[in-house]
Structure formats: structure tokens, C-alpha cells
Amino acid sequence: MTAVFLGIPTAPAGVGNLRGDRSFPDAARDALRDGQLRANLGHATTTIRGKRAGVVAEVPDWAELREAGRAIKAATMARLDEHLIALEEQVTARGGTVHWARDATEANQIVTALVQATGATEVVKVKSMATQEIGLNEALEAAGIEALETDLAELIVQLGEDKPSHILVPAIHKNRAEIREIFARTIPGVDPHLTDDPRKLAMAAREHLRERFLRARVAVSGANFAVAETGTLAVVESEGNGRMCLTLPQTLITVMGIEKLVPTWRDLEVFLQLLPRSSTGERMNPYTSLWAGITPGDGPQDFHLVLLDNGRTAVLADEVGREALHCIRCSACLNVCPVYERTGGHAYGSVYPGPIGAVLSPQLTGVEDNASLPYASSLCGACYDVCPVAIDIPSILVHLRAEHVEAQTRTTPEAAAFRALSKVMSHPRLWRLAQRAAGLGRFLARGRPTLPAALPPPASAWTRTRDLPTPPAKTFTQQWAEEHGS
Amino acid sequence: MRVALFATCLVDTMVPQVAHATATLLQRLGHEVIVPAGQSCCGQMHVNTGYRREAVPIVANHVRAFAGAEAIVAPSGSCVASIHHQQAAVARRAGEHALADEAEALAGRTYELSQFLVDVLGVTDVGAYYPHRVTYHPTCHSLRLLRVGDRPLQLLRAVRGLDLVELPGAESCCGFGGTFAVKNADTSTAMLTDKMANVLATHAEVCTAGDSSCLLHIGGGLSRLRSGTRTVHLAEILASTEENSVQNGASAPSGTAIVPGRVDL
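Predicted, not measured: the structure shown is a model, and the values here were computed from it.

What to know about the overall build of chain B
Here is step 1: In terms of regular secondary structure, chain B is built from 14 helices and eight strands.
Here is step 2: The C-alpha atoms of chain B give a radius of gyration of 18 Å, which matches the 18 Å a tight globule of 265 residues would have.
Here is step 3: When its C-alpha atoms are laid out on the principal axes, chain B stretches across 50 × 45 × 45 Å.
Here is step 4: Taking all 265 residues of chain B together, 63% fall into the buried category.
Here is step 5: Restricting to contacts in chain B with at least 6 residues of sequence separation, those with at least 24 account for 75%.

Details of the nonpolar core
Here is step 1: A:Ala219, A:Val255, A:Val306, A:Leu308, A:Cys333, A:Ile393 and B:Val73 are the most contacted members of the largest nonpolar core, which has 216 residues in total.
Here is step 2: Ranked by residue count, the leading element in this core is helix 18 (residues 393–407) of chain A, at seven residues.
Here is step 3: When near neighbours in sequence (up to four residues on either side) are disregarded, A:Val306 contacts A:His99, A:Ala101, A:Ala107, A:Ile110, A:Val111, A:Ile253, A:Thr254, A:Val255 and A:Met256.

A look at the interface of chain B and chain A
Here is step 1: Between chain B and chain A, the contact holds 57 residues from the first and 57 residues from the second.
Here is step 2: Those elements that place two or more of their residues in the side of chain B that touches chain A are helix 1 (9–14), helix 2 (16–28), helix 3 (44–49), helix 4 (52–66), helix 9 (140–145), helix 11 (180–183), helix 12 (185–201) and helix 13 (212–224) of chain B.
Here is step 3: Each residue belonging to the side of chain B that touches chain A can be placed in one class, and the counts come to 29 nonpolar, 21 polar and seven charged.

With respect to the sheet that holds strand 9 (residues 287–292) of chain A
Backbone hydrogen bonds are what pair the strands of a sheet, in a parallel or an antiparallel way.
All names here are of chain A.
Here is step 1: The sheet built from four strands is open, its strands ordered 8-5-6-9 with mixed pairing. This sheet does not close on itself; its edge strands, each paired only once, are strand 8 (261–262) and strand 9.
Here is step 2: The sheet contact formed by strand 5 (residues 225–227) and strand 8 spans two bridges and is parallel. Paired with Val227 across the two strands is Val262, which belongs to strand 8.

Topic: the domain arrangement of chain B
Residue and element names in this part refer to chain B.
Here is step 1: If you check the domain split of chain B, you get domain 1 (2–119) and domain 2 (124–258).
Here is step 2: Here domain 1 and domain 2 have C-alpha centroids that lie 22 Å from each other.
Here is step 3: Tallying the contact residues gives 28 residues for domain 1 and 28 residues for domain 2.
Here is step 4: Contributions of two or more residues to the side of domain 1 that touches domain 2 are made by helix 1, helix 2, helix 3, helix 5 (77–85) and helix 8 (113–120).
Here is step 5: Among the elements that line the side of domain 1 that touches domain 2, the one with the most residues is helix 2, at seven residues.
Here is step 6: Split into classes, the residues belonging to the side of domain 1 that touches domain 2 amount to 15 nonpolar, 11 polar and two charged.

Side note on the sheet that holds strand 7 (residues 206–209) of chain B
Residues and elements named next belong to chain B.
Here is step 1: Taken in spatial order, the four strands make up an open sheet running 6-5-7-8, and their pairing is parallel. Only two strands of the sheet have a single partner each, and these edge strands are strand 6 (163–165) and strand 8 (230–233). Taken over all neighbouring pairs, the strand axes of this sheet differ in orientation by 35 degrees on average, direction set aside.
Here is step 2: Alignment of strand 7 against strand 8, held across four bridges, turns out to be parallel. Bridge pairing links Thr208 to Val232 in strand 8.
Here is step 3: Sitting on the sheet, helix 13 touches strand 7 and strand 8, and the angle it makes with strand 8 is about 165 degrees.

Thoughts on the environment of A:Ala63
Here is step 1: With respect to the secondary-structure elements, A:Ala63 resides in helix 3 (residues 62–78).
Here is step 2: In the structure, A:Ala63 is positioned 327 residues away from A:Ala390 in sequence and 9.6 Å away in space, judged by C-alpha atoms.

Things to note about helix 2 of chain B
Residue and element names in this part refer to chain B.
Here is step 1: The end-to-end C-alpha separation of helix 2 is 18 Å, in line with the 18 Å expected for 13 residues at 1.5 Å each.
Here is step 2: Buried residues of helix 2: Pro16, Gln17, Val18, Ala19, His20, Ala21, Thr22, Ala23, Thr24, Leu25 and Leu26, and no others.
Here is step 3: Gly30 sits one or two residues past helix 2 and shows a positive phi near 95 degrees.

Observations regarding the packing of helix 1 (residues 24–32) of chain A against helix 12 of chain B
Here is step 1: For the pair helix 1 of chain A and helix 12 of chain B, the least separation of the axes is 8 Å and the interaxial angle reads 40 degrees. Accordingly, the angle class assigned to the pair helix 1 of chain A and helix 12 of chain B is oblique. The residues of helix 12 of chain B that touch helix 1 of chain A, namely those facing A:Pro25, A:Ala28, A:Arg29 and A:Leu32, are B:Asp186, B:Thr187 and B:Ala190.
Here is step 2: Along the lines of polarity and charge, the residues of the contact of helix 1 of chain A with helix 12 of chain B split into four nonpolar, one polar and two charged.

Remarks on the environment of A:Asp369
Here is step 1: Within the secondary structure, A:Asp369 is located in the loop between helix 16 (354–365) and helix 17 (382–386).
Here is step 2: Judged by the 18 C-beta atoms lying within 10 Å of it, A:Asp369 falls in the partly exposed class.

About the criteria used
Residues numbered from 1 in each chain as written. Chains lettered and ligands numbered in written order. Predicted model: local features only at pLDDT ≥ 70, side-chain atom pairs only at ≥ 80, totals over all residues. Helix = DSSP H or I, 4+ residues; strand = E, 2+ residues; numbered from the N terminus. Rg over C-alpha atoms; globule rule 2.2 N^0.38 Å. Buried ≥ 20, exposed ≤ 12 C-beta atoms within 10 Å, placed from the backbone. Contact = placed C-beta atoms within 7 Å. Core = buried A, V, L, I, M, F, W, Y, C linked by C-beta atoms within 7 Å. Nonpolar A, V, L, I, M, F, W, Y, C, P; charged D, E, K, R; others polar. Pairing = 2+ DSSP bridges. Domains from an automatic or database assignment. Axes fitted to C-alpha atoms, helices over the stretch in contact; angles between N-to-C directions. Expected span 1.5 Å × (residues − 1). Parallel < 35°, antiparallel > 145°, perpendicular 65-115°, else oblique.

As C-alpha cells, then:
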């Protein structure tokens, strides 16, 4: 790619949750064997796919809304620097403080210092992908500060000492029997007769959280949107836990990726229609909280906005890949992805799983740190079809595969094979010879209609589970030329 | 009309009967079929595996081979989608603007078989006869990149003797995905298993589609399980008549007919 972009930092290693410790195929192999996981995911994604399809179909101008969402995001990204400065001015003018964090390490330091300045040793958290991305909970814990997740699914993951596996439903990989077990084991003083009735489980969580909401002095949130012209932050949610965190404590710290802003208040009109229908499959989410700076005597009196880069500027520099920054974290692409549906989110290693994760994570970290993710897709295109802001995920996946291939300094056996094949396929005479050589594969079949299942790699990766037909004695073009002349 | 047939590298090498069927069908409909001898591949496998630079000479070869063709037809949604969506882009990225322009012009005259029949020739009843229970799998690229919609189904519904059964979960990917099937063989197999379960649930004798690549995958799985259900390309069904019936479809290794000319060892 263009040398001018070299040097824009990506998300640093050793902090945060953007890198897995295994390649995708390796992690997926184990996940695929987990029958309970497969059942939980299959049930959950099928349900939410159906709900989304229903509420999207009833919007007559969905295609126009989607195009508007795409266009607003593209225009915003083109002048992101100006909008960010405007946002800072507006937030500051309304009594908030804006902090700029280059990466996860800086963001964690800023938030930790802000919490320490209040003297608090615990914070309540609104579900936030940005803070999961930077590993804020771990950083706070290292500083002796306990971070309590208040979103129900995020709480389940935290209590189970697990990791989130979905952008919207972090505990999608757990069923209610498993959730009951986690609650029974980890919530102090929980009803010993707790059942797996969803209502009972929600009530147990509510009881556990209520007292913490009331005593919390500091809350940490992410943001779904920030409006540059008014300095307004927006959080959309279903449970009301967010509203508690955003209004009760004295201090509110919001960590937001720099790509989350929209220029004008009116832009929210588009996204507040696109997001709930695409994510939870609801016409409107139950709670939408909007705030700008501080309001004396009402809500938090100390507001900090941490603007997080952590590789985003590097993504913005890639003219193909930058579209990934348009993502509004609805997770519709996860729910329709045939790969995600079978492997679940943990196989992706990053907090951003599924199709959007496969294009976002490698760009944030640098593609070599997540090199298997761009290949974790059959390029079926279902993600592009459902994306509410029309991110062409398959094209970005293919682009990142090329970035990975072109980053190799040594010639891999695969590269050697593809280069040789390129030469052969661009010279018809060589191609005819190669086809004839492929036809020799029929000698391996010894007269049977299929080749033996035990072939050497890489053919074995196919023949382990699928038969390969015996090649014909003559190719089509060969026979055609014989019959028709050429 | 004079139609240039792009067999595609996979069909030409592995399932030639699909290209023969395409030619037979178009001739039966009264069109002249030519098979440009210089053809090889559209370049999709290279592009999708990350070798976009190496795809450029393949694109150049394709453009050379089909230069001057009035209309180009291929029995593959995926290859035609690559011609429409990828060829010019990889050429342009490599700075080959003249090639990109030629590829774009060529793409405008290149059609997937069902689109050519329904949209260009305006036929849905091609006079075919195929007395079998058949289910249709819409392949991802024909569905989502080319938007062929129900054109293949319109064609199948007009085939005499054919008992068309709806495939549950039809729009789910079969797990082929080109090199995905090898690089992520376990996930690919998990997807294939669900696709096969749906195919078998229809009790169809034949699973058809517009792409031999996907059929090679589904057929390879069905054959491994000795399911007895075979895969047959849409072109073979449409080419089949009372006089010239394709009894044992040949896209899949399930039937013995797939080794044309036997194996002379």
C-alpha cells in the first residue's frame, strides 16, 4: 500500500482484548465440537434473525435509511478531525472534560487516574465495547478498583469469569440453565431455590445490582453516538441499568471510539431507526439516554469523555478498510453469519467477533497480529446484505487477505503455488498442459468414480470429509476442439 | 445469437458435461455457440485468496480470449459475479486502466446462464424433460452478488416431469467458499453438514444449483455419506430431453456416469 500511511500506530499488544492466543481455524475446531454451544448459538441466532427480518420488512424506506446511514458515516469520516474538535469544544462548553487517548494503555491510565481522584474503589459499568476492547476492567483491578458490569449479559460473563462472545449479547453462548448455575454459585445470598425462569434470573440480577447502583460514586460507560454540534452523548439500551449508571453517580466517565460521532443532532434520526431494528429486532429500544456535559443539581456533576484512537486512525488511512469504521455495533452481521453461528464468538479471539470483527480486529491490531481472521469467512455475503450502514464486509475481507499476502517477506508454499498457477492460467498453452496433468489424477482413482480419501495435504483438508470426483479423461475445451476444430 | 461459452476453469477441467450441457441447450434454442480456445479462468480464486496482483494476468488472458464476443455465457454465478465485481477492480488497482476498461466492457456482455435465458432470451420453458424429484440450492454469489432471484426456479418449474421440492434453509451457505473449504475445513464441514441435512430432508433424488463449485462441495459430502442423493447442475437438467436425457447427473461423484470414456488403465 501507499508508503505515506506507514507509521500510524495500531493498537498495542499486551493490553486489551483484540488478539486471541490461537488462530481461528484452531480455536474453531474445538468450538465446533461443543454441542451445547452449537445448540445455544443456533437457537439464539435463529430467533434474533427472525425478529430482525420482521421489523426491517415493515419499514417501507429501509433501503433509503440504510443509504442515508452509509452516506452520513462516509461524510463524517472524511472530516473526522474537524468534527472531533467541534465535539471537544461543545462538551467542554457544557462543563465536561475531554481526554484524548492514543491507545488502550493511555485510555486505561486516564480512567484509572480519574477514578482514583474521586477516592472510589468501585465503579459501576454500562455495557461498552470500547472498554472491553482496551481491557479497562483488568486495568482497574490492577489498581485495586472493582468494576461491576451492570448489563445482565455482561454480568453473567463477569460472574462466570468468562469472556463476551457477541457484541450485543455477550452471554449468547450460555443458556438459561447455565446462567442459573452461574448465579447460584456466584451471587452472595441468592435465593437457594432460584430457577431458570428468565424472569426469576432477571430479578436475582436486579437485586444484586440495585444496592450497588445506589452506593456507586463513579460510573463508566461507552457511547453509541456523540453529536459534534451539541456535545451530546447517546447510550441506547434495553434494561435500564444504563440509565441508573448515567444518572445516579456523581462522576461519569465515558470511553468512546473516535469513529462514533455524528455531525448533527438530526443525524440521530437515521441511526436511532437503523440500530434497534438491526440489533435487538425491536422497533425502538426501551431506554435512550442523551446527555451533554453536566446539568447543575441533576445527574453526575463531573463528566469526562475519553476519546479513544487505539488503531482507528490507521484504519481510516486504508481507503478500502476504512468502511469498517462505519459500524454502529448492531451485531446483525454476527446473527446471520453461517461461520459465527457455528463457531461462536470466542474462536475469533477478539472482543469483536463475527464478520465485522474479522475486518475490524485485524485492522486495529495490524493484519499480521490477526492474520487468520480475514480468512474466517466463506464470503457468502449475508453480512453485507443485513448491515444497516451497508459495509461491504466481503470486499474488505478479500482486501485484508491481500494485505496479509503482500506483507509476507518469504515465499510461502501457497504463494509459490498461486504464482505458478497465475503464470499457467494466463498462458493458454501452459493451461492446457496443466489441465492434462490434472486429468492424470484419474490414475489415482484406479477406475473408481472418486479419488481416494487419503490424499496428502492440502488435498486432505478436502478429502477428510468430502469425496473428490475422479477427473475426466478429456476436458471440455479439448473435446470441443476435437469435435468442432478450433 | 452468437454466444461465446465461458466454461470456467473448474467445469472445463473437472465437470466437462456441464459445459457440454450448456452448449447443447443454447444450440437447441437456436443459437450458435463458440468456445474461445484461449480461455482459462476468471481469476476469482486468486483474488479471494489474497493474490490480487497475480490475478491481473489471468484477467488479461480472459479479456484477450473473449475480445469481440457478442455475448458471453457461463454456467456459474460465482465466476460471472467475479467478472462483474472483481476483474476491473484488481486491474485498476494494479494501474492497468486500459485492461480495467476492457474488463468492464466485457462484464457488461457476460451473463450467468439463468439470467441469459430469462432476461436476454426471454424464455423460461426451454423444452426440457427431467422426470426426477429435485431441490434447488441458490448459491451465495448468484443470490447476493448477481441477484438472480427466482430465475432458476422459473426455469425448473417449466421442466416437464420435474418434481420441484423446496429446500429448507436454502439461502444458507453450503460452506464451500473457495479456499475457505480447505483453510477452515472444520467450519466448512459443519456448514456442509447442515446443508446436507436440509437436502436429505426433502427426500429429493437430485440437488441442483447454478454453480459446479458448490455442487462439488455438496455432492462430495453426499457421496462420502453414501446418501444416494446426487448433485446435478441446472444446465444439465435444462439440457435434458426425452430424446437425450441425463439420467445420472454428473456433477457429483455419486453416479458412475461421471467418468466419461471410462478409465483406461
